[in-house]
Amino acid sequence: MNSRRNFLINSASATLAGAAIGFSGAAQAGTVAQSVARVAEFNPMDWASVRQQFLLNPDLIHLSNFFLASHPASVRNAIDKYRRELDLNPYSFLDDNMFALEQDKLWRSVAGAAAEYVGGRPNEIALTSSTTVGLALIYNGLRLKPEQEILTTTHEFYPHHESMRLAVNKWGGRVRKVTLYESSAKASGPEMVSRLVKEIKPHTKILGVTWVHSGTGVVLPIRELAAEVAKINQTRDENDRLLLIVDGVHGFGVLDEDIALQGGDFFSAGTHKWILGPHGNGIVWAKPENWALVQPTIPSLMDPELSTAWREERAPHGPTQAAWVSPGGFFAYENQWATVEAFQFHRQIGKKRVADRILDLNGQLKEGLSRMSHVTLHTPLNRDLSAGFVCFEVNGVSPKEVVSRLREKAVIASSTPYGKSYARFSAGIVNTPAEMDRALSLIRAMA
Ligand SMILES: Cc1ncc(COP(=O)(O)O)c(C=O)c1O
């Protein structure tokens, strides 16, 4: 029989989560040793070493880093280790780490790592499978009265607008949209906030916005907006509070922000994009008093109280908690649990260094494009109003054609999937200034 031994994936994640992870076989020894060696080699202060952690095809220049993460070595290794254990003994490994003892529940490590990253507490974190699922759980779970409305913008991406549409189909009420800028390149923080705030009416119950617009690259100043919402709420009853919901996915893992201090009420983000975590994972952050407003949509496995209540044929005790909104049914647990290593990777490099690097590289692209007379830059040059996107048009060449010509030259760009489409670059921490120069030279040649 395999002897069960406790193995700490690495001391930092163990400190984060206080969780010991049980591994059963000597069969893993080689892989584990390699993974530890690889992680030990990693120098988070050196961008070349950061890039070496990824399997990204070195023959390509990857400029669509917003989309779906390639994983650093520590994340890949953690996924492999969990998968191996689940292959060796799925019943015991899952039961030990999910249902046996409180301290064995690996999902708590993920909530702990996410909480540390957002500057909040583990009980504020629901684990989801994407930004989309998080948004759907919030809008479906908040009760809207037929006379109330959701106020939003014309700049949201499909899953946010669609979550709102489905919510008013269910609850009644309506959705109203505000345009925050006519020209994204000339967007102004105070003007965006004031355009929204002017439209908040006594019957506006939810304000749903996106932190970083993936169609234009514009960053909405959430802190300033939240401060205005707080002022409005001083004049409202507690039960009537206006709730600020943020689709935060393209700021999460990009900008140097503590989400728990940003001022929003609910924040949904996938961790499989800029956080560089395993695919099919995300979080929603909210304070306990806001979780209490949510009716869960999907039966959860994260808190024994729920299944105990079911066995005892009673309602669960207490208000809704974040764990109750984390969807149940079995997950790809090897992916969910290895999200800890992604937060750890960011922590090793440092939130501010990540933000500065992403802003510098995308800034280099913006500056270069802004000097080309055959190019229209749609993302603000202002560093405070943009993040990891650079949206642009090339005169006489459709966005799809721009993307395809770049791909022929080994540069991976994208076109925005909105009503009005632009060509889009998205530089991340895996890129270099030289790669920006190469991408710019290819756009220059399209004149
Ligand atoms: C603004 C915005 N919100 C949500 C999503 C969807 O994210 P997910 O795949 O995590 O559901 C995207 C996709 O890129 C997006 O651009």
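Residues numbered from 1 in each chain as written. Predicted model: local features only at pLDDT ≥ 70, side-chain atom pairs only at ≥ 80, totals over all residues. Heavy atoms only, no water.

The protein carries the name Aminotransferase class V-fold PLP-dependent enzyme in an unreviewed UniProt entry, which gives Chromobacterium indicum as its organism.

Enquirer: Which residues make up the overall build of the protein, and what values go with them?
Expert: A tally of helices and strands in the protein yields 18 helices and 15 strands. Over its C-alpha atoms the protein spans a radius of gyration of 23 Å, differing by no more than 12% from the 22 Å that the globule rule assigns to 447 residues. Burial statistics for the protein: of 447 residues in total, 58% are counted as buried. Long-range contacts, defined here as pairs at least 24 residues apart, represent 71% of the contacts in the protein between residues at least 6 apart. Split by element, the accessible area of the protein, about 18,700 Å² in all, is 54% carbon and sulfur. Between the mean site of the 47 positive side-chain charges and the mean site of the 45 negative ones, the protein shows a separation of 4 Å. (Helix = DSSP H or I, 4+ residues; strand = E, 2+ residues; numbered from the N terminus. Rg over C-alpha atoms; globule rule 2.2 N^0.38 Å. Buried < 20%, exposed > 50% of the residue type's maximum accessible area, 1.4 Å probe, protein only. Contact = heavy atoms within 4.5 Å. Areas by Shrake-Rupley, 256 points an atom, 1.4 Å probe, with all protein chains shown as cover. Lys, Arg positive; Asp, Glu negative; His and termini not counted. Charge placed at Lys NZ, Arg CZ, Asp CG, Glu CD.)

Enquirer: Lay out the layout of surface pockets with the relevant residues and their values.
Expert: Its volume calculated, the largest pocket comes out at about 700 Å³. Grouping the amino acids of the lining of the largest pocket by side-chain chemistry returns 19 nonpolar, 17 polar and three charged. Here the second largest pocket defines a volume of roughly 480 Å³. What lines the second largest pocket is a set of 21 residues, and nearest its centre among them are Trp211, Val219, Leu255, Glu257 and Asp384. When contributions to the lining of the second largest pocket are tallied by element, the ones reaching two or more residues are helix H9 (189-198), helix H10 (222-234) and helix H16 (351-370). If one sorts the elements of the lining of the second largest pocket by residue count, H16 sits on top with four residues. Taken together, the residues that form the lining of the second largest pocket break down as ten nonpolar, three polar and eight charged. When residues of the lining of the second largest pocket are assigned to domains, at least three fall in each of domain 1 (114-347) and domain 2 (351-444). (1 Å grid on protein atoms, 1.4 Å probe; cavity = no way out; pocket = protein on both sides within 12 Å on 5 of 7 lines; lining within 4 Å. Points joined across faces, edges and corners; volume = space filled by probe spheres on them. Nonpolar A, V, L, I, M, F, W, Y, C, P; charged D, E, K, R; others polar. Domains from an automatic or database assignment.)

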